[in-house]
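Listed here are the chains, written in short residue letters.
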Amino acid sequence: MAAEAAFPGPLTELPPGPLLTLAHGAVSIDVAPAAGGRVAQIRVDGVEQLVGYGEYGSDAAIAWGSYPMVPWCGRVRDGRFPFEGQAYQLPRNLGGHAIHGVGFVMPWQVVAQSQHGLELALELPHDGRWPFGGHARQRIVLEPRALLLELAVSAGARAMPLTFGWHPWFRKPERLELAPSAMYPRDESHIATLPLVAPAPPPWDDCFINTAPVVLHRGGQVLRLSSNCDHWVVYDGTAHATCVEPQTGPADAFNLGAPRLQPGQQASAWYRMEWD
C-alpha cells in the first residue's frame, strides 16, 4: 500500500531525470526513460517541436513532452469498469476519473540502444493501480527527417482490457489539417460517448475516427503525422500547444467495449512524424 500511495499522479511534478540524446540528419531527440519513457524534446533543423518540462508552467507529468499512454488512453469514467464479470476500481486521479494509464508516470528500462534507435521496456503493475499485470515495450527510431514510435503491449498470465497510444504536446501550430470521418460526442463529464456523430469544428478536446495523415504547419515547417491507429484525439484548448494523439480506442474504452488481450497475447501500433 505504501508503494501505491507514493505512486505519482498526472498532476504530480515529474522532472525528466537523465536524458538520452540521439540524432540522425536534421532530427535529434532527448528521451527521458525515468519520466514515463517519454520523448522529452524533438528538434528538427534545430527547431524545438514539443513543449518541454517547465515551459509554460508545464512541470506536471501530464503536461509535457510526448509520452506513451498504456494500458488505457484518456479517462476511465469514475475509474470503474467491468471485465469478465467482475467490477474493477482504478485510482481516480483527475476530476474523479482515471486518466492515461500508468506508463507515463513510471520509469522505463532501456533494453537496447543504437546510433539511431532505442528500445524501452516496462513491467505493468499487478496491484491496485492496474490489477492485470502485463508488459509494454517501446521502439524509437530516428530517420533523417522523421521519427518512428512503436508500442507493443503483451498480457501476462491474465486476460486484460487494453487501449494504448501516444500523447505529444506539440508547440502551437499556425494551422492544422484534419479530415476525420466521425467523432465521439462528449457528455457533461467531457468523456467520450456513443453513438458516433459528424465531426464538429474546433476548438477540440475530442476523439475522432481518422485514417488520413494529420498535418501541422508552424514557422515554415510542415509536420505530417500518420499511424495505423484509427482513433485520434486532438486537444487544442491551450494557447501554447496542440496535442495530436493516435490511439487504439477512445477514452473510456473499457466501458464502451475495449479490445482485450488473452494471456500471453500481444498488440502493437506505430506513430510516424515526418517533416517536409
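Please refer to the structure higher up on the page.
Cut-offs used in this document
One numbering rule holds for all chains: residues counted from 1, following each sequence as written. Local features in a predicted model are, by the rule used here, given only for residues with pLDDT of at least 70; side-chain atom pairs are given and counted only at 80 or more, and totals for whole chains, interfaces and linings are based on all residues. The side-chain numbers reported here are obtained from all heavy atoms of the structure, hydrogens and water having been left aside. Helix and strand definitions follow DSSP, with helices as H or I runs of at least four residues and strands as E runs of at least two, each counted in order from the N terminus. In this setup the radius of gyration rests on C-alpha atoms only. A globule is expected at 2.2 Å times the number of residues raised to 0.38. Partly exposed residues are those whose accessible area sits between 20% and 50% of the maximum for their type, while under 20% is buried and over 50% is exposed, using a 1.4 Å probe and protein chains only. Contacts are residue-level and defined by heavy atoms, with any inter-residue pair within 4.5 Å sufficient. All accessible areas in this document rest on Shrake-Rupley with a 1.4 Å probe, and a residue is counted as covered only by the protein chains that are shown. One speaks of a salt bridge when a side-chain nitrogen belonging to Lys or Arg is within 4 Å of a carboxyl oxygen belonging to Asp or Glu. Any two of the Phe, Tyr and Trp rings considered here, Trp counted by its six-membered ring, make a pair once their centres fall within 6.5 Å; the pair's planes then place it as stacked at under 30 degrees, edge-to-face at over 60, or tilted in between. Geometrically, a charge over a ring is one whose NZ (Lys) or CZ (Arg) sits within 6 Å of the ring centre while staying within 35 degrees of the ring normal. Any two strands with at least two DSSP bridges between them are considered paired. Between N-to-C directions, angles span 0 to 180 degrees; the directions come from axes that are lines fitted to C-alpha atoms, helices contributing only their stretch in contact. Here a polar contact is taken to be a pair of N or O atoms separated by no more than 3.5 Å, where protein atoms must pair a possible hydrogen donor with a possible acceptor and residues adjacent in sequence count only if both atoms sit in side chains.

Undergrad: Before we go on, may I ask you to explain the overall build of the protein in this structure?
TA: In terms of helices and strands, the protein carries 2 helices and 24 strands. For 276 residues, the compact-globule formula gives about 19 Å, and the C-alpha radius of gyration of the protein, at 18 Å, lands near that figure. The 276 residues of the protein split such that 54% are buried. Looking at the protein alone, contacts between residues at least 24 apart form 65% of all its contacts between residues at least 6 apart. As presented, the protein carries roughly 11,200 Å² of accessible surface, and 54% of it is formed by carbon and sulfur atoms.

Undergrad: I keep staring at the pattern of salt bridges and nothing clicks. Help me out?
TA: Working definition: two side chains of opposite charge can pair if their charged atoms are close together. Per the counting criterion, the structure on display carries 16 salt bridges. Among the ionic pairs, E119 bridges to R137, the shortest N-O distance being 3.1 Å. Of this pair, E119 sits in strand 11 (residues 117–123) while R137 sits in strand 12 (residues 135–143), and the two are 18 residues apart along the sequence. Relative accessible area serves as the criterion here: at 41%, R137 is assigned to the partly exposed category. A single network of salt bridges, built from pairs that share partners, joins D30, R43, E48, E55 and R171.

Undergrad: How do you make sense of the packing of aromatic side chains when you look at a structure like this?
TA: In this description, an aromatic ring pair is defined by two values, namely the gap between the centres and the angle between the planes. Inspection of the entire model under this criterion finds 15 aromatic pairs. With a centroid separation of 5.5 Å and an interplanar angle of 20 degrees, the aromatic rings of F81 and Y88 are classed as stacked. We classify F81 as buried; its relative accessible area is 3%. Measuring from ring centre to ring centre gives 5.4 Å for F83 and F132, while their planes differ by 80 degrees; the resulting arrangement is edge-to-face. On the criterion of sequence distance, the pair formed by F83 in strand 7 (residues 80–83) and F132 in the loop between strand 11 and strand 12 is long-range, its members being 49 residues apart. Judged on exposure class, the residue F83 and its partner F132 are both buried. Pairwise contacts between aromatic rings join W72, F81, F83, Y88, W130, F132 and F254 into one cluster. Sitting over the face of the ring of W64, R38 holds its NZ or CZ atom 4.5 Å from the ring centroid.

Undergrad: Any chance you could explain the pairing of strand 8 (residues 86–89) here in plain terms?
TA: Working note: regular strand, side chains alternate between the two faces of the sheet. Judged from the 4 bridges that link them, strand 7 and strand 8 form a sheet pairing that is antiparallel. Bridging from a neighbouring strand, R80 pairs with Q89 of strand 8. Connecting the antiparallel pair strand 7 and strand 8 is a turn made up of 2 residues, with E84 showing a positive phi of about 50 degrees.

Undergrad: Explain the sheet that holds strand 10 (residues 109–113) to me, please; I cannot follow it from the model alone.
TA: Pairing between the strands of a sheet comes from backbone hydrogen bonds, and it takes one of two forms, parallel or antiparallel. Judged by pairing direction, the sheet is antiparallel, and its 8 strands sit side by side in the order 10-11-12-13-24-20-19-16 without closing on themselves. Every other strand in the sheet has two partners, leaving strand 10 and strand 16 (175–177) as the edge strands with one partner each. The mean inter-strand angle of the sheet, taken between neighbouring strand axes irrespective of direction, is 15 degrees. Taken together, the 5 bridges between strand 20 (residues 221–227) and strand 24 (residues 266–275) define a ladder with antiparallel strand orientation. Each residue of the ladder has a partner; that of R224, found in strand 24, is E274.

Undergrad: Just to check I follow, could you spell out the side chain of T238 for this structure?
TA: For T238, the position within the fold is in the loop between strand 21 (231–235) and strand 22 (241–247). A distance of 3.0 Å separates a polar atom in the side chain of T238 from the backbone oxygen of A241. Apart from residues lying up to four places away in sequence, T238 is in contact with W169 and K172.

Undergrad: How do you make sense of unusual backbone geometry when you look at a structure like this?
TA: Residue P71 follows V70 across a cis peptide bond; omega there is 5 degrees. Looking at the element boundaries, P71 is found in the loop between strand 5 (66–69) and strand 6 (75–76). A cis amide bond, omega 5 degrees, links L194 with the succeeding residue P195. You can see P195 is positioned in the loop between strand 17 (182–183) and strand 18 (205–209). With a phi close to 55 degrees, D78 is a non-glycine residue in the positive phi region. For D78, the location among the structural elements is in the loop between strand 6 and strand 7. Positive phi is not limited to glycine here, since H100 has a value of about 65 degrees.

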